[in-house]
Amino acid sequence: MQIEHRQIGLAHPPFIIAEMSGNHNQSLDRALEIVDAAAGAGAHALKIQTYTADTMTLDVNGPGFVIDDPKSLWYGRTLHDLYHEAHTPWEWHAPIFERARKHGMIPFSTPFDDSAVDFLESLDVAFYKIASFENTDLPLIRRVAATGKPMIISTGMASVAELDETVRTARAAGCQDLVLLKCTSNYPATPENTNVSTIPHMRALFGTEVGLSDHTMGVGVAVAAVTLGATVVEKHFTLSRAEGGVDSAFSLEPHELRSLVVETERAWQSLGTVSYGPTCAEKPSLQYRRSLYVSRDIAAGERLTMDNVRAIRPGMGLPPKHLEKVLGRKAKTGLARGTPLAWDLLD
């Protein structure tokens, strides 16, 4: 599949998405700095999220509306308060998208309701993302799919049955180009809970491009995912974790994003095909294999023994597998130390 100028698939380098999320800390200047830094690190796309606190939830301080998990980064906060802090003002979308396009990146967003889709359509986004927590919101998926644009759907928490319904819904509503992202909806996630072995299974099961929405620290999990067939990698991104932000604790910094871009492409380049024997690049190295050489001057008619023949580098002589065959044979002529053995030198 193709999104603007980028090809996405196993035959192409991984498509790297930098997710700004709420790491702008309610500063447009900081948001634009994040765009610049993502471009400088080599990201191919820049993602934001399109919602307001009121389109996401209700301003209620009660059960279910307050984060009560002591292990959560956002423990004790109401959903409405968190989303108010994290949201990207809609009037910022145009300048953020413009800055991204100026750098050659593809800007896009995650909508959370119909009003967000309508707004993003007015900005002519190239494609859409559906978040894990909305991957069972079939009316939203239908609305996005109806645009006819490519969709990326995170699969966090979803069962096979739920994903089947989601994929069928998207396709029936008009989505032809679909990417599923393996995702673990913990923040941060741990490698042992990521299960990237699911990636090739997901590709075979649903017949889509498959990638990774990664909330782990570092780039190791993403590199592993690429070796298993991930063609898209999404990571949260910030200028500095030390400067804070709602998602900063599990976001990459610029030097780490650069490493992600470089190392995932290296992983992709390394896959190649099933191959035995010397590659074209290896053929010059064949001359440095071990082979049979005269290790001590041998007179004409003298027999070859373990005292005057050795398997050494380089590889100009007979292969070492012939050692037993040459031992006891006589030299036709005198052979100087360092002579590579050949059959025509022996009686």
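Residues numbered from 1 in each chain as written. Predicted model: local features only at pLDDT ≥ 70, side-chain atom pairs only at ≥ 80, totals over all residues. Heavy atoms only, no water.

1. Looking at empty space enclosed by the protein
Evaluation of the coordinates by the stated rule reveals one cavity of 30 Å³ or more. Considering only enclosed or pocket space, the largest cavity measures out at about 30 Å³ in volume. What lines the largest cavity is Thr184, Ala189, Thr194, Leu212, Ser213, Asp214, His215 and Thr216. Tallied by class, the residues present in the lining of the largest cavity amount to two nonpolar, five polar and one charged. (1 Å grid on protein atoms, 1.4 Å probe; cavity = no way out; pocket = protein on both sides within 12 Å on 5 of 7 lines; lining within 4 Å. Points joined across faces, edges and corners; volume = space filled by probe spheres on them. Nonpolar A, V, L, I, M, F, W, Y, C, P; charged D, E, K, R; others polar.)

2. A word on unusual backbone geometry
Leaving glycine out, the prevailing phi sign among residues is negative, and the prevailing peptide bond configuration is trans. Of the consecutive residues Tyr187 and Pro188, the connecting peptide bond is found in the cis state with omega at 0°. Relative to the helices and strands, Pro188 resides in the loop between strand 8 (178–183) and helix 8 (198–206). Omega for the bond connecting Arg313 with Pro314 falls within 30 degrees of zero, at 5°, which places this linkage in the cis form. Relative to the helices and strands, Pro314 resides in the loop between strand 12 (309–312) and helix 11 (323–326). Of note, Asn25 is a non-glycine position whose phi angle comes to about 55°, a positive value. With respect to the helices, strands and loops of the structure, Asn25 is situated in the loop between strand 3 (15–19) and helix 1 (28–41). With a phi close to 60°, Gln26 is a non-glycine residue in the positive phi region. For Gln26, the position within the fold is in the loop between strand 3 and helix 1. Under the relative-accessibility criterion, Gln26 is labelled partly exposed at 33%. (Helix = DSSP H or I, 4+ residues; strand = E, 2+ residues; numbered from the N terminus. Buried < 20%, exposed > 50% of the residue type's maximum accessible area, 1.4 Å probe, protein only.)

3. Thoughts on the side chain of Ser240
Inspection of the secondary structure puts Ser240 in the loop between strand 10 (232–236) and helix 10 (254–271). You can call Ser240 buried: its relative accessible area is 17%. Residue contacts for Ser240: discarding those within four places in its chain leaves Arg30 and Glu253. (Contact = heavy atoms within 4.5 Å.)

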